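# A structural walkthrough
So the chains spell out like this:
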Amino acid sequence: MTARAGFAGKAVLVTGGASGIGRAVVERLAADGARLVIADILAGEGESVAEQIRQAGGEAVFVHTDVRNGDQVQAMVATALDTYGRLDCAVNNAGVEHGLQALADFGEEDWERVQDINLKGVWLCLKHELPVMVRQGQGSIVNLASVAGLVGAPLFGPYVASKHGVVGLTRTAALEYGRMGVRVNAVCPSAIRTEMFERSLTDRRDLAEKLVRNSPMRRLGEPAEVAEAVVWLCSDAASFVNGHALTVDGGMTAQ
Ligand SMILES: NC(=O)c1ccc[n+]([C@@H]2O[C@H](COP(=O)([O-])OP(=O)(O)OC[C@H]3O[C@@H](n4cnc5c(N)ncnc54)[C@H](O)[C@@H]3O)[C@@H](O)[C@H]2O)c1
């Protein structure tokens, strides 16, 4: 594997790295020479992504992690330190969707599952990643929010609430930890062609088509296009970018 400049030797952790956007980030970082920790609840898929990177001459370990569980998140960060001796960047990407309904029709179970993974999961990751980076005197974290973290979206109530929370956590972490050399930013994609998108709109093809029709670029985004933004925010090229929520939405929120 030929490393491009930028991440050679850097230890980077990616949650939800077994599929979709997380996997695209992992593949892009591996091509740039990063040493990876891939965390996911999908053990088979996660192991296989790590194995593919090693086969190509890169460095990657998989750690089975449910981001809802503080002990597992702590063990995930410890894996980075045990394996590579440091943690330079973290991409807190693991997240889930829900079935589409009006706010009053959601049950408490859906609400709690989505907040637990999308919001508490990101906070737990920050809780265990930040002290390591503070000790190092440097680090960079990127949280996967969404355009649903910036504007409302009918039928996506719990998801919208969780992603607004992620943007709020990102800004607060940036204010608290910037002076310690740690940058924290968020990426806010619109609809991206992944399994999550397929799952959430399987029964609503009409909505999927409307999303594309209403998008300024008249298409969905690709995981690799989001990965470019994530990797840039992680990198030293973004050394004075902190507390930013960067849209990767083909102009959707400019309307
Ligand atoms: N696809 C989109 O349209 C879109 C748009 C905006 C934001 N996002 C956000 O981007 C991120 C990635 O989404 P995606 O589209 O690649 O989805 P995806 O379903 O393809 O991938 C999500 C990954 O997270 C993992 N995961 C789920 N729950 C977990 C848990 N409790 N612990 C650890 N890992 C867990 C899954 O196993 C999966 O590998 C999510 O945070 C999502 O909300 C996606």
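Scroll up a little and you will see the structure.
Here is a short report on the structure shown in this document. A quick note: this is a predicted structure, and the numbers were derived from the prediction, not measured. (Residues numbered from 1 in each chain as written. Predicted model: local features only at pLDDT ≥ 70, side-chain atom pairs only at ≥ 80, totals over all residues. Heavy atoms only, no water.)

Here we take up the site of the ligand. Neighbouring residues of the ligand: 30 residues in total, closest Ile 21, Asp 40, Asn 93, Tyr 159 and Thr 194. At 3.0 Å from a nitrogen atom of the ligand is found a main-chain nitrogen or oxygen belonging to Val 67. Thr 194 places a side-chain nitrogen or oxygen 2.5 Å from an oxygen atom of the ligand. Calculation on the ligand without its partners gives an accessible area of 830 Å², and the protein chains cover 96% of this total. Mapped onto the shell around the ligand, the elements with two or more residues apiece are helix H1 (20-31), helix H5 (157-177) and helix H6 (195-201). Tallying contributions element by element places H6 first for the shell around the ligand, with 3 residues. Along the lines of polarity and charge, the residues of the shell around the ligand split into 15 nonpolar, 9 polar and 6 charged. (Near = heavy atom within 4 Å. Polar contact = N/O pair within 3.5 Å; in protein donor to acceptor, adjacent residues only side chain to side chain. Areas by Shrake-Rupley, 256 points an atom, 1.4 Å probe, with all protein chains shown as cover. Helix = DSSP H or I, 4+ residues; strand = E, 2+ residues; numbered from the N terminus. Nonpolar A, V, L, I, M, F, W, Y, C, P; charged D, E, K, R; others polar.)

As enumerated under the stated definition, the model contains 1 aromatic pair in all. Above the face of the Phe 7 ring, Lys 10 is positioned so that its terminal group lies 5.9 Å from the ring centre. (Phe/Tyr/Trp six-rings, centres within 6.5 Å; stacked < 30°, edge-to-face > 60°. Lys NZ or Arg CZ within 6 Å of the ring centre and 35° of its normal.)

Overall, parallel pairing links the 7 strands, which are arranged S3-S2-S1-S4-S5-S6-S7 in an open sheet. The sheet is open, and its two borders are formed by strand S3 (59-64) and strand S7 (245-248), each paired with just one other strand. For this sheet the average axis-to-axis angle between neighbouring strands, irrespective of direction, equals 20 degrees. Alignment of strand S4 (residues 89-92) against strand S5 (residues 139-144), held across 4 bridges, turns out to be parallel. Pairing of Ala 90 across the sheet is with Ile 141, part of S5. Of the strands in this sheet, strand S2 (35-40) and S3 are in contact with helix H2 (residues 43-55), which crosses S3 at around 170 degrees. With respect to the sheet, H5 is in contact with S5, strand S6 (182-189) and S7, its orientation differing from that of S6 by roughly 160 degrees. (Pairing = 2+ DSSP bridges. Axes fitted to C-alpha atoms, helices over the stretch in contact; angles between N-to-C directions. Contact = heavy atoms within 4.5 Å.)

Right, let's get into the packing of helix H4 (residues 108-136) against H5. In the contact formed by H4 and H5, the axes pass within 9 Å of each other and the chain directions differ by 15 degrees. By the angle between their axes, H4 is roughly parallel relative to H5. Note on packing geometry: the crossing formed by H4 with H5 is right-handed. Contacts between H4 and H5 involve Trp 111, Val 114, Gln 115, Asn 118, Leu 119, Val 122, Trp 123, Leu 126, Leu 130 and Val 134 on the former and, on the latter, Pro 158, Tyr 159, Ala 161, Ser 162, Lys 163, Gly 165, Val 166, Leu 169 and Tyr 177. Class assignment of the residues belonging to the contact of H4 with H5 gives a composition of 14 nonpolar, 4 polar and 1 charged. (Parallel < 35°, antiparallel > 145°, perpendicular 65-115°, else oblique. Left-handed = near helix turned anticlockwise from the far one by under 90°.)

A few words now on the nonpolar core. In terms of nonpolar packing, the biggest core is built from 35 residues, with Leu 13, Met 76, Leu 87, Ile 141 and Val 184 touching the most fellow members. Contributions of two or more residues to this core are made by strand S1 (11-15), S2, helix H3 (70-84), H4, H5 and S6. Counting residues per element, this core draws most heavily on H4, which supplies 9 residues. For Ile 141, the residues in contact, after removing those within four places along its chain, are Ala 90, Asn 92, Leu 126, Glu 129, Leu 130, Met 133, Arg 183, Val 184 and Asn 185. Counting residues in hydrophobic clusters, the runner-up holds 33 residues, among them Val 14, Ile 21, Ala 50 and Ala 229. (Core = buried A, V, L, I, M, F, W, Y, C linked by side-chain atoms within 4.5 Å. Buried < 20%, exposed > 50% of the residue type's maximum accessible area, 1.4 Å probe, protein only.)

Together, Glu 108, Glu 109, Glu 112 and Asp 116 make up a region of like negative charge exposed at the surface. On the basis of relative accessible area, Asp 116 is assigned to the partly exposed category, the value being 31%. (Patch = residues over 30% accessible without salt bridge, like charges linked within 9 Å, V, L, I, M, F, W, Y side chains within 5 Å. Salt bridge = Lys/Arg side-chain N within 4 Å of Asp/Glu carboxyl O. Lys, Arg positive; Asp, Glu negative; His and termini not counted. Charge placed at Lys NZ, Arg CZ, Asp CG, Glu CD.)

Let us now look at the packing of H1 against H2. Contact pair H1 / H2: the axes reach a minimum separation of 11 Å and the direction vectors enclose 15 degrees. With respect to H2, the axis of H1 lies roughly parallel. For the element pair H1 and H2, the recorded crossing hand is right-handed. Packed against H1, whose contacting residues are Arg 23, Val 26 and Ala 30, the element H2 presents Val 49, Gln 52 and Ile 53 at the interface. Split into classes, the residues belonging to the contact of H1 with H2 amount to 4 nonpolar, 1 polar and 1 charged.

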